[in-house]
Amino acid sequence: MTQQDIRPPATAPVPAPASLPPAPKAPRRRPLISYVLPVYNERDGIAAFHAELTAALAGRPELDFELVYVNDGSADGSLAVLRGLAEQDDRVRIVDFARNFGHQIAITAGLDVARGDAVIVMDTDLQDPPRVSLELVDAWREGAEIVHARRRSRQDTVFKRTTAHLYYRVLRSSTEVDIPLDTGDFRLLDRRVADELRKYREKSRFVRGIVASMGYRQTEVAFDRDERFAGETKYPLRKMAKLAVDGVTSFSTVPLKMITRLGFVVLALSMTGILYALAMKFLRPDLTVSGWTMLMVVVLFLGGVQMLSLGVIGTYVGRIYSEAQGRPLYLVREVIGGPEAHD
């Protein structure tokens, strides 16, 4: 008996028709750049800012843009102006807060709703020139994931320039985070960085410090800061001081360490005073009758040191209390424009 071959017969490959055209490539999507634009009582300058921004964006047809205005509880009619912009420009989205929550929270809300491949944060007072934002985009397209806009010069009062110069350098020297000098909140964030930043939900926010602490590939673009177009600054001395305290207490325990060092200094001075009092008691008893001046100096000095120490400790305890409450960072009355408006 002969062995039969049970293998299936080989089939010749079917040649591909030569007449079929290659599969068409999917159209490449243009990068979407989102602008986060906090607004607080900027009625007189919003229209001018929007006009200058859109004029700058018109020169970059290879990009798509989304303009997220965050109305931070404005009481001067800014919302009505923003509504008009949204009706004229379908790229405009408006996040309207239920009340004023502050500049840093407004930035956070804008980041929460921005959908772009990159997100640019800038103010609407025209001190940050819109044309410079496109330089940030160019640096991002070259590979940077965070692009800081660094102020080469600024048109402010001597007092503000001096205090800002000192503050950034003191902050940098007292924290473990390398916060870029002379930079505000004007910067670009890659989509990946923006998504990670959204996970940071502390209430006493110092956004520029948080961004600097995240790492990634960071670079800077220098620019000359212009004068405010209209209105008054939204960072008077009181708010500047609060932001400075938030920056220090968010990224540094140096004030607490300074209390310890101050305690040692006070202890050394106290010991010196005790030795002086004992020496005068035994060596010059005729001069130790009054003692009132020394007593008052010591009491007042120690009382001042104690109050200062309690104030620093209270600042940190207050931050713990605020975080422990677990309240939402902000409340939104409505979102105007964007995809939701067409559902």
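This text follows the structure it describes.
Residues numbered from 1 in each chain as written. Predicted model: local features only at pLDDT ≥ 70, side-chain atom pairs only at ≥ 80, totals over all residues. Heavy atoms only, no water.

**So, the overall build of the protein**
The number of helices and strands found in the protein is 10 helices and 8 strands. Considering only residue pairs separated by 6 or more positions, the protein has 82% of its internal contacts joining residues 24 or more positions apart. On the protein, roughly 20,100 Å² of surface is accessible, and the fraction owed to carbon and sulfur atoms is 61%. (Helix = DSSP H or I, 4+ residues; strand = E, 2+ residues; numbered from the N terminus. Contact = heavy atoms within 4.5 Å. Areas by Shrake-Rupley, 256 points an atom, 1.4 Å probe, with all protein chains shown as cover.)

**Things to note about the pattern of salt bridges**
Scanning the model with the defined rule gives 17 salt bridges in all. Of the charged contacts in the structure, one is a salt bridge between Glu-334 and Arg-83, with a shortest N-O distance of 2.4 Å. Within this pair, whereas Glu-334 is found in strand S8 (residues 332-336), its partner Arg-83 is found in helix H2 (residues 78-88), the two being separated by 251 residues in sequence. The shortest N-O distance in the salt bridge between Arg-217 and Glu-145 comes to 3.8 Å. (Salt bridge = Lys/Arg side-chain N within 4 Å of Asp/Glu carboxyl O.)

**Thoughts on unusual backbone geometry**
Leaving glycine out, the prevailing phi sign among residues is negative, and the prevailing peptide bond configuration is trans. One non-glycine residue, Asn-41, lies in positive phi territory at about 55°. Position of Asn-41 among the secondary structure elements: in the loop between strand S1 (32-39) and helix H1 (43-57). The phi torsion at Tyr-216 lies on the positive side, around 65°, for a residue other than glycine. Positionally, Tyr-216 belongs in the loop between helix H7 (207-213) and strand S7 (218-225). The class for Tyr-216 is partly exposed, based on a relative accessible area of 30%. (Buried < 20%, exposed > 50% of the residue type's maximum accessible area, 1.4 Å probe, protein only.)

**Considering the packing of aromatic side chains**
Under the defined criterion, the tally for this structure stands at 4 aromatic pairs. Ring geometry for Phe-97 and Tyr-330: centres 5.3 Å apart, planes at 20°, overall stacked. Residue Phe-97 is found in strand S3 (residues 92-97), and its partner Tyr-330 is found in the loop between helix H10 (292-325) and S8; the two are separated by 233 residues along the sequence. There is no split in this pair, since Phe-97 and Tyr-330 are both buried. (Phe/Tyr/Trp six-rings, centres within 6.5 Å; stacked < 30°, edge-to-face > 60°.)

**Looking at the side chain of Asp-112**
Tracing the sequence through the fold places Asp-112 in helix H3 (residues 103-113). A distance of 2.5 Å separates the side chain of Asp-112 from the side chain of Tyr-330, its partner in a polar contact. In this structure Asp-112 touches Arg-198, Arg-201 and Tyr-330, once residues within four positions along its chain are discounted. (Polar contact = N/O pair within 3.5 Å; in protein donor to acceptor, adjacent residues only side chain to side chain.)

**Digging into the nonpolar core**
Judged by nonpolar contacts, the single largest core of 37 residues is most densely connected at Ile-33, Tyr-35, Tyr-69 and Ile-120. In terms of residues, this core owes the most to one element, helix H4 (residues 130-141), which gives 6 residues. Once residues lying within four places of it in the same chain are set aside, the contact partners of Ile-120 are Ile-33, Ser-34, Tyr-35, Val-36, Ser-133, Leu-136, Val-137, Phe-186, Arg-187 and Leu-188. Leu-189, Leu-197, Ile-210 and Met-214 belong to the second largest nonpolar core, which has 15 residues in total. (Core = buried A, V, L, I, M, F, W, Y, C linked by side-chain atoms within 4.5 Å.)

**As for a nonpolar patch on the surface**
Together, Val-265, Leu-269 and Phe-301 give the surface a local cluster of nonpolar side chains, amounting to about 270 Å² of exposed area. Along the chain, Leu-269 falls in helix H9 (residues 254-283). (Patch = residues over 30% accessible without salt bridge, like charges linked within 9 Å, V, L, I, M, F, W, Y side chains within 5 Å.)

**Section: empty space enclosed by the protein**
What the rule picks out here adds up to 1 cavity of 30 Å³ or more. The computed volume of the largest cavity comes to approximately 40 Å³. Lining the largest cavity we find Thr-108, Leu-111, Asp-112, Leu-197, Arg-198, Arg-201, Arg-205 and Val-207. By residue number, the principal contributor to the lining of the largest cavity is H3, which donates 3 residues. Split into classes, the residues belonging to the lining of the largest cavity amount to 3 nonpolar, 1 polar and 4 charged. (1 Å grid on protein atoms, 1.4 Å probe; cavity = no way out; pocket = protein on both sides within 12 Å on 5 of 7 lines; lining within 4 Å. Points joined across faces, edges and corners; volume = space filled by probe spheres on them. Nonpolar A, V, L, I, M, F, W, Y, C, P; charged D, E, K, R; others polar.)

**Some words on H4**
If you check H4, its first and last C-alpha atoms are 18 Å apart, about what 12 residues at 1.5 Å a residue would give, namely 16 Å. Within the span of H4, buried status applies to Pro-130, Val-132, Ser-133, Leu-134, Leu-136, Val-137, Ala-139 and Trp-140. Just downstream of H4, Gly-143 is the residue with a positive phi angle, here 125°. (Expected span 1.5 Å × (residues − 1).)

**Some remarks on the packing of H1 against H2**
Running from N to C, H1 and H2 point in directions that differ by 20°, and their axes come no closer than 8 Å. Between H1 and H2, the angle falls in the class roughly parallel. The interaxial crossing formed by H1 with H2 has right-handed handedness. Contacts between H1 and H2 involve Arg-43, Ile-46, Ala-47 and His-50 on the former and, on the latter, Ser-78, Val-81, Leu-82 and Leu-85. A per-class count over the contact of H1 with H2 returns 5 nonpolar, 2 polar and 1 charged. (Axes fitted to C-alpha atoms, helices over the stretch in contact; angles between N-to-C directions. Parallel < 35°, antiparallel > 145°, perpendicular 65-115°, else oblique. Left-handed = near helix turned anticlockwise from the far one by under 90°.)

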